[in-house]
Amino acid sequence: MVMAVEALKEIREAEEEARKQVEEAKEEAAEMMREAEAELKKLEAEASEEMEKRAKEIAEKYTKEGEDEGEAILREAKEEAEKLRAIAESRLENAVDAVLIRILGLKVK
Amino acid sequence: MHVGASEIVERIKEDAREERARILREARAEVEERVKNAKADIEERKKRFIESERQKAADNKERIIRAKRLDAKKFRWDVEERAIKRAFDEALERIQHVKEEGFRGKSYSSILAGLIKDAAMSITAGSERSSSSSSELEVALSNEDAQFVTDEMLKNISAEVGCDVRLSSERIKTVGGVIVRRSDGRIEVNNTFEERMKRLYPGLREDVVRVLFRAREA
């Protein structure tokens, strides 16, 4: 009888120990998940920071390209305009004559 | 310990170890899967975001270039417009010189005579079948230009156009040229230079553009 009681006690202790082990395992698993969530939040923040930095770099790069190309276009246009102005200047007398012929009512030969 | 109880205790301990191992294994797998999925999602969002930012930046670049191209066109347009305006302004300024020196071998008097005759012919052609007042035309001009018109000149023009052309007592304010009108005032041809320039401007502008910018280099 005494032996049976002793055996039952040991079985109960083993069951209690087993329950604790399972609970600890569950707690350990939950902690793993919390750590993973924290790691993901960190990754998310790093990604946001990286995206912001990349967006700024891209915007600056394209803006600079646009301004450089635009300046080249303007430079060329100014040179062409200057050539055009010189050509027009050299032909001004002919243009004035063309106007005078018409407003003075002269016949064009 | 009773042999049967000992086995039971061992069994309980073994089950507990297995359960613990299972719980931790499954938790690790779940964590691994969630991290893997989250990382893939972050990478995909990063890729889409960067592409969208690149597109926005490229659009902005094109906008900058388009604006500069427009400025470039404006440079050319400004040069052209200034040169065209200068040709017209100088032509009007040159009138004074024409009055003194003539133009292309023609005296200013003969130029005025041509303008009077053209105007008179236009009026008589338009009023051949109308009233008798069409046989009288008046020539109005500025004080300065009046000295270039002689009675003999008007007589010759009258003979050529077949009606009486005489000098009006009216003096007009103009750079030069004439206004010819029927004596009843119903028909008038304004051949002052300012008016002719206005009237002929579209064609004249084309001529000036051709001479200034399209003529072959000498």
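Remember, predicted model here, so these are calculated numbers, not experimental data. Position numbers for residues start from 1 in each chain and track the written sequence from start to end. Labels are handed out in written order, letters beginning with A for the chains and numbers beginning with 1 for the ligands. Selection of residues for local features in this predicted model requires a pLDDT of at least 70, selection of side-chain atom pairs for listing and counting requires 80 or more, and totals for whole chains, interfaces and linings are taken over all residues. Only hydrogens and water are removed before side-chain values are computed, so all heavy atoms of the structure are retained for them.

Caption draft 1: The overall build of chain A, seen in detail. Looking only at helices and strands, chain A has 2 helices and 0 strands in total. The reference for a compact globule is 2.2 Å times residues^0.38; the radius of gyration itself is calculated from the C-alpha atoms. Here the C-alpha atoms of chain A give a radius of gyration of 45 Å, more than 25% beyond the 13 Å that 2.2 N^0.38 yields for 109 residues. In terms of overall dimensions, chain A has C-alpha extents of about 145 × 25 × 15 Å along its principal axes. Throughout this description, buried means an accessible area under 20% of the type-specific maximum (1.4 Å probe, protein chains only), exposed means over 50%, and partly exposed covers the range between. For chain A, with 109 residues in total, the buried portion stands at 34%. Here the positive residues are Lys and Arg and the negative ones are Asp and Glu; neither His nor the chain ends is included. All charge positions are set by atom: Lys at NZ, Arg at CZ, Asp at CG, Glu at CD. Computed over 21 positive and 33 negative side-chain charges, the inter-centroid distance for chain A is 12 Å. Runs of H or I in DSSP of at least four residues are treated as helices and runs of E of at least two as strands, each being numbered from the N terminus.

Caption draft 2: Structural detail: the nonpolar core. The term nonpolar core refers to a set of buried residues drawn from Ala, Val, Leu, Ile, Met, Phe, Trp, Tyr and Cys, joined through side-chain atoms within 4.5 Å. Within the largest apolar cluster, 52 residues are counted, with the highest numbers of intra-cluster contacts made by Leu100 and Leu104 of chain A together with Ile116 and Val165 of chain B. At the level of elements, α1 (2-90) and α2 (92-103) of chain A together with α1 (3-101), α2 (108-126), β1 (136-141), α4 (151-161), β3 (177-182) and α5 (193-214) of chain B are the ones that each hand at least two residues to this core. Here the element with the most residues in this core is α2 of chain B; it accounts for 9 residues. Not counting the four nearest positions on each side in its chain, Leu104 of chain A is found in contact with Ile95, Val98, Phe103, Ile111, Leu115, Phe193 and Arg196 of chain B. Counting residues in hydrophobic clusters, the runner-up holds 17 residues, among them Ala36 and Leu43 of chain A together with Val31 and Ala38 of chain B. Whether two residues touch is decided by their heavy atoms; if any such pair falls within 4.5 Å, the residues are in contact.

Caption draft 3: Layout of the pattern of salt bridges. By definition, a salt bridge exists where a carboxyl oxygen of Asp or Glu is found within 4 Å of a side-chain nitrogen of Lys or Arg. For the structure shown, the criterion picks out 42 salt bridges over all chains. Between Glu138 of chain B and Arg166 of chain B there is a salt bridge, with the nearest N and O atoms lying 3.4 Å from each other. With Glu138 of chain B in strand β1 and Arg166 of chain B in strand β2 (residues 164-171), this pair connects stretches of sequence that are 28 residues apart. Here Glu138 of chain B falls in the buried class, since its relative accessible area comes to 18%. A cluster of three or more residues bridged by salt bridges with shared partners is formed by Glu89 and Glu93 of chain A together with Arg86, Glu90 and Arg94 of chain B.

Caption draft 4: Local environment of the confidence of the model for chain B. The score called pLDDT rates the predictor's confidence residue by residue, from a low of 0 to a high of 100. In this model, chain B carries an average pLDDT of 92, and 93% of its residues clear a pLDDT of 70 or more. Note on the complex model: pTM 0.75, ipTM 0.79.

Caption draft 5: Structural view of the sheet that holds β3 of chain B. All names here are of chain B. Taken in spatial order, the 4 strands of this open sheet run β2-β1-β3-β4, and their pairing is mixed. Edge strands, defined here as strands with exactly one partner in the open sheet, are β2 and β4 (188-192). The sheet shows a mean angle of 25° between the axes of neighbouring strands, direction not considered. Strand pairing is assigned whenever DSSP identifies at least 2 bridges connecting the two strands. Bridging between β3 and β4 involves 5 bridges; their strand directions are antiparallel. Looking at β4, one finds that Val180 is bridged to Val189. What counts as an axis is a line fitted to C-alpha atoms, over the stretch in contact for a helix, and the angles between N-to-C directions run from 0 to 180 degrees.

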